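Observations on chain architecture
Spelled out, the chains give:
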Amino acid sequence: MRQEEVWDAETAQRYDTPGTGMFAPEVLGPTVDRLAALAGAGRALEFAVGTGRVAVPLAERGVPVTGIELSVPMVEQLRTKADEATIPVVVGDMATATAPGDYTLVYLVYNTISNLLDQAEQVACFRNAARHLGPGGRFVIELWVPELRKLTPGERATVWRADPGYIGLDTYDVLRQQVVSHHFHFGESREARVFRSPHRYIWPAELDLMGQLAGFELEARYADWSGAEFTAESRSHVSVYRLPG
């Protein structure tokens, strides 16, 4: 399953959930606050900008934002909210595509680095971030912690959410460090709508080594965007990498 097939026109149309889920104020508010503070007076580049969930409110805060995005349908959805002058977008792979200009901040949110399905691509993503930054520039990644502790011997799947009308589960291939996320949406009928996406999961220590290979130093790691302490029980993290200087 290629990423172009996952993030197609149907997915782009369904992606936005204004005011709820990823788009809820309590989720977006701390995210935008943290990124605006890290960008300072400089410009920000979002890898996998998508439909502009973060880029649009960040630009509204006065931070100049440029995006890189592989999916044309996702960019088309973004264009219903912001034009090219407001949020320029380069269509391409976040591991290799180049955006013009100088940036103080590159960011990659909501687990999206795991959409790159092998380690070499993920390392290339770090190096691409470094190419866009000057001395002292920062690369921020939001990523989930693999939940392998929930897998008992012989099991391959974990249910990570079960709500009325929705079930989310992940199936793991621990040999290849691959996971497929399955999202089941259902109502009163016997049929359900399924969305699946493949990922390569990354441990925090492995992520730090990728940063070192690209010349970054780990500046901070939090459990969430509000700055809560990252612990052994944290289910995700926000990691801030900085170039020396």
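You'll find the structure just up there.
Residues numbered from 1 in each chain as written. Predicted model: local features only at pLDDT ≥ 70, side-chain atom pairs only at ≥ 80, totals over all residues. Heavy atoms only, no water.

Let's shift gears to the pattern of salt bridges. A complete count under the given rule lists twelve salt bridges for this structure. Across the salt bridge formed by Arg 138 and Glu 219, the nearest N and O atoms sit 2.7 Å from each other. Here the residue Arg 138 occupies a position in strand β5 (residues 133–144), and Glu 219 occupies one in strand β10 (residues 217–222), the gap between them amounting to 81 residues. By relative accessible area, Glu 219 is classed as partly exposed at 37%. The shortest N-O distance in the salt bridge between Arg 235 and Glu 147 comes to 2.9 Å. Note that Arg 235 is positioned in the loop between β10 and β11 (236–242) and Glu 147 in the loop between β5 and β6 (157–163), a separation of 88 residues in sequence. Judged by its relative accessible area of 10%, Glu 147 is buried. (Salt bridge = Lys/Arg side-chain N within 4 Å of Asp/Glu carboxyl O. Helix = DSSP H or I, 4+ residues; strand = E, 2+ residues; numbered from the N terminus. Buried < 20%, exposed > 50% of the residue type's maximum accessible area, 1.4 Å probe, protein only.)

Among the nonpolar cores identified, the biggest contains 33 residues, and Phe 47, Ile 113, Phe 126, Phe 139, Leu 207 and Phe 216 are the most heavily contacted of them. Broken down by secondary-structure element, the contributors of at least two residues to this core are β1 (44–47), β4 (103–108), α6 (119–131), β5 and α7 (204–213). Sequence-distant contacts of Phe 47, that is, excluding residues within four places in its chain, are made with Ile 68, Met 94, Val 106, Tyr 107, Leu 108, Cys 125, Asn 128, Ala 129, His 132 and Phe 139. Ala 55, Leu 78, Leu 105 and Tyr 107 belong to the second largest nonpolar core, which has 28 residues in total. (Core = buried A, V, L, I, M, F, W, Y, C linked by side-chain atoms within 4.5 Å. Contact = heavy atoms within 4.5 Å.)

Quick look at the environment of Leu 105 now. Positionally, Leu 105 belongs in strand β4. For Leu 105, a relative accessible area of 0% translates into the label buried. Filtering out sequence-adjacent residues up to four positions away, Leu 105 remains in contact with Leu 35, Leu 38, Ala 39, Arg 43, Ala 44, Leu 45, Leu 133, Arg 138 and Val 140.

Closest axis-to-axis distance for the α6/α7 pair is 8 Å, and the angle between their directions is 55°. Comparing the axis directions of α6 and α7 gives the class oblique. Like other packed secondary-structure pairs, α6 and α7 cross with a definite hand, here right-handed. In contact with Gln 119, Gln 122, Val 123, Phe 126 and Arg 127 of α6, α7 contributes Glu 206, Leu 207, Met 210, Gly 211 and Leu 213. The residue inventory of the contact of α6 with α7, partitioned by class, reads five nonpolar, three polar and two charged. (Axes fitted to C-alpha atoms, helices over the stretch in contact; angles between N-to-C directions. Parallel < 35°, antiparallel > 145°, perpendicular 65-115°, else oblique. Left-handed = near helix turned anticlockwise from the far one by under 90°. Nonpolar A, V, L, I, M, F, W, Y, C, P; charged D, E, K, R; others polar.)

Our focus in this paragraph is the sheet that holds β6. Strand order across the open sheet formed by four strands is β6-β7-β8-β9, with antiparallel pairing between neighbours. Each having just a single partner strand, β6 and β9 (192–200) make up the two edges of the open sheet. This sheet shows a mean twist of 15° between the axes of neighbouring strands, independent of strand direction. (Pairing = 2+ DSSP bridges.)

On to the sheet that holds β10. Here we have seven strands laid out as an open sheet, ordered β3-β2-β1-β4-β5-β11-β10, and mixed in their pairing. Only two strands of the sheet have a single neighbouring strand rather than two, namely β3 (89–91) and β10. The sheet shows a mean angle of 20° between the axes of neighbouring strands, taken without regard to direction. The pairing of β5 with β11 spans seven bridges and is classified as antiparallel. Across the sheet, residue Ile 141 finds its bridge partner in β11, namely Ser 239. Helix α3 (residues 25–39) rests against β4, β5, β10 and β11 of the sheet, and its axis sits at about 150° to β4. Those strands touched by α6 are β1, β4, β5 and β11, and its axis lies near 145° from that of β5.

Here we take up the environment of Ser 181. Within the secondary structure, Ser 181 is located in strand β8 (residues 178–186). Other than its neighbours up to four places away in sequence, Ser 181 contacts Leu 169, Asp 170, Phe 195, Arg 196, Ser 197 and His 199. At a separation of 2.7 Å, a polar atom in the side chain of Ser 181 contacts the side chain of Asp 170. (Polar contact = N/O pair within 3.5 Å; in protein donor to acceptor, adjacent residues only side chain to side chain.)

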